[in-house]
Amino acid sequence: MTSFETNNNQGRNTPSFENTEIAFRHSSNTDLNRAYWLFRMINVNFLVKIGPPVTNFAMKIGLPIKNIIKATIFKHFCGGETIAECDNTITNLYSGRVGTILDYSVEGEDEETVFDNTRDEIIRTIERAAKDKAIPLTVFKVTGVGRFGLLEKLDARLKLTDTEEDEWRRVQNRVLAICDKAFKNNVPVMIDAEESWIQDTIDLLALTMMTQFNKQRPIVYNTYQMYRHDKLASMLNDHAIAQSEGFILGAKIVRGAYMEKERKRAEEKGYPSPIQPDKKSADLDYDSALDYCTSHINEIAFIAGTHNEESCRLLAELLDNKGIDHKHPHVYFSQLLGMSDNLSFNLAHADYNVAKYVPYGPVKAVLPYLFRRAQENTAIAGQMSRELSLITKERKRRSANL
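About the criteria used
Residues numbered from 1 in each chain as written. Predicted model: local features only at pLDDT ≥ 70, side-chain atom pairs only at ≥ 80, totals over all residues. Heavy atoms only, no water. Helix = DSSP H or I, 4+ residues; strand = E, 2+ residues; numbered from the N terminus. Buried < 20%, exposed > 50% of the residue type's maximum accessible area, 1.4 Å probe, protein only. Contact = heavy atoms within 4.5 Å. Areas by Shrake-Rupley, 256 points an atom, 1.4 Å probe, with all protein chains shown as cover. Pairing = 2+ DSSP bridges. Axes fitted to C-alpha atoms, helices over the stretch in contact; angles between N-to-C directions. Expected span 1.5 Å × (residues − 1). Salt bridge = Lys/Arg side-chain N within 4 Å of Asp/Glu carboxyl O. Phe/Tyr/Trp six-rings, centres within 6.5 Å; stacked < 30°, edge-to-face > 60°. Core = buried A, V, L, I, M, F, W, Y, C linked by side-chain atoms within 4.5 Å. Parallel < 35°, antiparallel > 145°, perpendicular 65-115°, else oblique. Nonpolar A, V, L, I, M, F, W, Y, C, P; charged D, E, K, R; others polar. Right-handed = clockwise from strand over helix to strand, strands pointing away.

J.: Sorry, what's going on with the overall build of the protein chain here?
T.: What the protein chain contains, in helices and strands, is 17 helices and ten strands. Of all 402 residues assigned to the protein chain, the portion counted as buried reaches 56%. Counting contacts in the protein chain only where the partners sit at least 6 residues apart, residues at least 24 apart contribute 76% of the total. Counting only carbon and sulfur atoms, one obtains 52% of the accessible surface of the protein chain, whose full area is about 18100 Å².

Listed below in structure tokens is the structure:
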């Protein structure tokens, strides 16, 4: 089977995402079997619902379940507990021409020493990327280097105390240190999107960093969650600012990761939900963003973070239709480690720029990330069925070839 299919309407070749041999070439039979059983378990909503409280309780009272977690769900979705432990994953992905985005996934902390340590760890990912072509991009969350409550107060435009003013300066300095290191090492760094009630502050911070560091080349990227009804307009407005100020807009385009939490909070507090009225609206804005970015390819560098096959197919077609090289440095496809290998590896095989998010960190600290992955998978029944069907298909193909 070839990794391309002919689009008869346009006479062009567009990637096929059905080739499981390419998709799972990097996975051993053991890896494939673990993934099969893991996704089958995740598909049971009951297990996903009781998993987080039971696991947290077991960890709290000292039951020896860390090794079980590390050998199963952690191993599938994470690279390791340290950068060094991610080496095998980085090498394995790059053997399939897929890059790595080291994602230090410790979250929910609120101590200054932890924020300083996180800043230093993000800088270490940049230093590693600077000497490793297998790591084309880096990433961090502002809540990794600053207190959520402080960002919330800033977003609400409430007056800060003198102590909070000093705290905010430290947050800004941490972000500046990360972006300055990225600039000096010529390593792009993405600032992840977060909840809507702290996002305005993050957006302003990201825009300030882009104004300073994106004059000659794209270094800093902000993230636009297209499941929000206002973020396509936000991206277009930021592009207008970039044109006016003379810098390249860096944009990571995603659908989003906080939908249920956003709707619940809006309902509880009695304000209009920032979420799109339906999936079709989110899909339309996402695809419109891809069209817009490819139409301004010299002024916008972007990462299409998506597990949606149609959006990947559309972007591939947009690049062809607009005569943009598949390896143009301003365009990347991106997916999460452990998911949608049929997209990542078939796109890379077809010579597009592709990079996987590779979360890492201490098992206990990364548990919130892992639970979110499981819950998101069960919330998207079609994606779950797709993952399982592709894994099943590849297992049968290998059995037939024995």
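Once the structure has been displayed, the description carries forward.
J.: Help me out: how do you make sense of the sheet that holds strand β6 (residues 220-225) in this one?
T.: Whether parallel or antiparallel, the strands of a sheet pair through hydrogen bonds between backbone atoms. A barrel is described by the order of its strands in space; here eight strands give the closed sequence β3-β4-β5-β6-β7-β8-β9-β10, paired in parallel fashion. Averaged over all pairs of adjacent strands, the angle between strand axes in this sheet comes to 30 degrees, irrespective of strand direction. As paired strands, strand β5 (residues 189-191) and β6 are joined by three bridges and run parallel to one another. Of the residues in β6, the one forming a bridge with methionine 190 is tyrosine 221. Contacts from helix α11 (residues 231-245) reach β6, β7 (249-254) and β8 (300-305) within the one sheet, and its direction differs from that of β7 by about 170 degrees.

J.: Explain helix α7 (residues 112-130) to me, please; I cannot follow it from the model alone.
T.: For an α-helix the count is 3.6 residues per turn, leaving residues at separations of three or four pointing the same way. The end-to-end C-alpha distance of α7, which contains 19 residues, comes to 27 Å, matching closely the 27 Å that a straight helix rising 1.5 Å per residue would cover. Of the positions making up α7, those classed as buried are Val114, Phe115, Thr118, Glu121, Ile122, Ile123, Thr125, Ile126, Arg128 and Ala129.

J.: Please explain the pattern of salt bridges as it appears in this structure.
T.: Here the idea is simple: oppositely charged side chains can pair when their charged atoms come close. Tallied over the full model, the rule gives 31 salt bridges. The residue lysine 184 makes a salt bridge to aspartate 180 at a minimum N-O spacing of 3.0 Å. One end of the pair, lysine 184, and the other, aspartate 180, are both in helix α9 (residues 162-185), four residues apart, so they sit about a helical turn from each other. A residue is classified by how much of its surface remains accessible, and lysine 184, at 63% relative accessible area, is exposed. Taking the relative accessible area as the measure of exposure, aspartate 180 reaches 24% and is therefore partly exposed. Connected via shared salt-bridge partners are Glu112, Asp116, Arg119, Asp120, Arg170 and Arg174.

J.: Please explain the packing of aromatic side chains as it appears in this structure.
T.: The relation between two aromatic rings is expressed through the spacing of the ring centres and the mutual angle of the planes. Tallied over the entire structure, the rule returns five aromatic pairs. Ring geometry for tyrosine 104 against tyrosine 360: centres 5.3 Å apart, planes inclined by 45 degrees, an arrangement best described as tilted. Here the residue tyrosine 104 occupies a position in strand β3 (residues 99-104), and tyrosine 360 occupies one in strand β10 (residues 354-360), the gap between them amounting to 256 residues. For the ring pair phenylalanine 148 and tryptophan 197, a centre distance of 6.4 Å and an interplane angle of 65 degrees mean the geometry is edge-to-face.

J.: Where do I start with the nonpolar core in this structure?
T.: Generally speaking, soluble globular proteins have nonpolar side chains that are buried together. Val220, Met235, Ile253 and Phe302 are the most contacted members of the largest nonpolar core, which totals 75 residues. Top contributing element to this core by residue count: helix α10 (residues 196-213), with nine residues. One finds Ile73, Val139, Ile248 and Tyr332 within the second-largest nonpolar core, a separate group that totals 33 residues.

J.: So what exactly am I meant to see when it comes to the packing of helix α8 (residues 148-155) against α9 here?
T.: Packed helices, taken two at a time, are described by the angle their axes make and the gap between the axes. Between α8 and α9, the shortest axis-to-axis distance is 11 Å and the interhelical angle comes to 105 degrees. Taken together, α8 and α9 sit at an angle that is classed as roughly perpendicular. Residues Leu150, Leu151, Lys153 and Leu154 of α8 form the contact with α9, whose participating residues are Glu164, Glu167, Trp168 and Val171. Class assignment of the residues belonging to the contact of α8 with α9 gives a composition of five nonpolar, no polar and three charged.

J.: I keep staring at the pairing of β10 and nothing clicks. Help me out?
T.: Consecutive side chains along a regular strand alternate between the two faces of the sheet. Burial analysis of β10 places seven of its seven residues in the buried class, the great majority of the element. Of the two faces of β10, both are covered, the one formed by Val354, Lys356, Val358 and Tyr360 as well as the one formed by Ala355, Tyr357 and Pro359. In this sheet, β10 lies alongside β3 in parallel orientation, the contact comprising six bridges. Bridge assignment links leucine 102 to a residue of β10, and that residue is valine 358. Across four bridges, the pairing between strand β9 (residues 331-336) and β10 is parallel. Opposite phenylalanine 333, over in β10, you have valine 354 as the bridge partner. Chirality of the crossover, the property in question, places the unit of β9, helix α15 (residues 341-349) and β10 among those that are right-handed.

J.: I would appreciate a short explanation of α15 in the present structure.
T.: Most of α15 is tucked away, with eight of its nine residues classed as buried. Among all positions of α15, only Asp341, Asn342, Leu343, Ser344, Phe345, Asn346, Leu347 and Ala348 are buried. Just past α15, the residue aspartate 351 takes up positive phi, approximately 75 degrees.

From the geometry alone we can't say anything about function, so treat these as descriptive.
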